[in-house]
Amino acid sequence: MAKQVHVAKDDISQVETVEIELPPLAQGAVRFAVESFSVTANNVTYAVVGDGFGYWNFFPVPERSGAANSGIVPMWGHARVIESNMPEFDVDERVYGYLPMGTHLDVVPGNVSAGGFTAVDEHRAPMSPIYNRYSRLAADPEHDADREGERMIFGPLFKTGFLIEYFLRAQDAFGAGQVVLTSASSKTALGLASVARQNSPSLRRIGLTSAGNLEFVRGTGLYDLVLAYDAIGDLPEEPSISVDFAGNAGVLADLHRHLGDSLKYSCLVGATHIEERGSGMGGAADLPGPKPVLFFAPDHAVTLFAELGPEEAGRQMASAWHAFLEDVDGTVTIDRRKGLDAAREAFVAMVAGKVEPEVGIVIEP
């Protein structure tokens, strides 16, 4: 038997733990036991935009009564081979990659190398290769047995921040001298702030956050200025970029109205305040200034690797990653929780915005 967490697509606060029968393992497939995964705001974004970007399609819900409008939210984490119909994979081998919020995953591996493989299951063929690639830990240069928790919690979010900075730098920051980050306590925002400090030091970093998170955000040392949301009027009216991680339509409107023509580019990333995101991930129509543009990290990852080549792109990302780990060292406490019920509870809390930024949740199903 296996367990999965099913989420209602039309109301992602409605979540249940379901027990299912495992079918016989298909020929050419490998069965993994899920060892651990993180629950972050990134997973909430996958659910919020699941239909539009195909996130519900990675791990289809088995047919059952009432399952038609439910889905499984993807997670990033580690898994171990427990059954193999491929000679290249031995029982107990460990991998890192895209996993279901559940206890098991069957994958048909393709493009197998010592370092990894690609899931070539038919239903995953239309998906971005970023999500279909798995790392085999025995030959993975990014793997550090002592930092597995940090990799799950920060890794995917950091890479999004890295890609945003690369994109903005390639555009000469649209002529702006400052970048304003909403939800500045979020892990993706911290990643962007860290990489911008490394690679775009002339770009002033301004963080917006809730009053309760001001001390935490200022304590990271990653921002030149940190303001509460109700102090948007204190923002310098200079050529600016906004990067909205919160998805709060009211905050985004206040930013656009305050900065007006000084706002040179408005970037939307994720949605941490989903109850207030409004239409279009917080990108309401008729706002002054530029039209908000949704940032889809997988497309930008393809551009990065095409422009720099895999080796140089990997080198730059690894360098920035190690610097980021130093930047956030000690700022987040890893909270390890056992069982899928704990995953369900953590996801619901994350949806409701009830997880403190200094806590990184790791589930061990």
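Now for a quick tour of the structure. If you're wondering where the values come from, they're calculated on a predicted model, not measured in any experiment. (Residues numbered from 1 in each chain as written. Predicted model: local features only at pLDDT ≥ 70, side-chain atom pairs only at ≥ 80, totals over all residues. Heavy atoms only, no water.)

Turning next to the nonpolar core. Counting 96 residues, the largest nonpolar core has Tyr-134, Tyr-223, Val-243 and Phe-347 as its most contacted members. At 10 residues, the largest contribution of residues to this core is made by helix 4 (residues 148–170). Dropping the residues within four chain positions of it, Tyr-223 is found in contact with Leu-181, Ala-184, Ala-189, Leu-190, Ala-193, Arg-205, Ile-206, Gly-207 and Val-217. Formed by 13 residues, the second largest nonpolar core is a distinct cluster that contains Val-180, Leu-208, Ile-232 and Leu-255. (Core = buried A, V, L, I, M, F, W, Y, C linked by side-chain atoms within 4.5 Å. Buried < 20%, exposed > 50% of the residue type's maximum accessible area, 1.4 Å probe, protein only. Helix = DSSP H or I, 4+ residues; strand = E, 2+ residues; numbered from the N terminus. Contact = heavy atoms within 4.5 Å.)

This part covers the environment of Leu-181. Within the secondary structure layout, Leu-181 lies in strand 11 (residues 178–181). For Leu-181, a relative accessible area of 1% translates into the label buried. Ignoring sequence-local partners within four residues, the contact set of Leu-181 consists of Ala-189, Leu-192, Ala-193, Ile-206, Gly-207, Leu-208, Tyr-223, Val-243 and Phe-245.

The final tally for this structure, using the stated rule, is 17 salt bridges. Put simply, Glu-35, Arg-80, Asp-92, Arg-94 and Glu-148 are held in one network by salt bridges that share partners. (Salt bridge = Lys/Arg side-chain N within 4 Å of Asp/Glu carboxyl O.)

For the rest of this paragraph, the subject is helix 4. Along its 23 residues, helix 4 runs 31 Å from first to last C-alpha, staying within 8% of the 33 Å computed at 1.5 Å per residue. At Phe-154, helix 4 is bent by approximately 45°, the largest bend along its length, and proline Pro-156 sits one to four residues beyond. With 20 of its 23 residues buried, helix 4 lies for the most part within the structure. Positive phi appears at Asp-172, one or two residues downstream of helix 4, with a value of about 55°. (Expected span 1.5 Å × (residues − 1). Bend = angle between axes of the 7 residues up to and from the residue.)

What follows concerns the side chain of Thr-118. Along the polypeptide, Thr-118 turns up in strand 9 (residues 116–119). Under the relative-accessibility criterion, Thr-118 is labelled buried at 16%. A polar side-chain atom of Thr-118 sits 3.0 Å from a polar atom in the side chain of Arg-133. Beyond its immediate sequence surroundings of up to four residues, Thr-118 is in contact with Val-108, Pro-109, Gly-110, Asn-111, Asn-132 and Arg-133. (Polar contact = N/O pair within 3.5 Å; in protein donor to acceptor, adjacent residues only side chain to side chain.)

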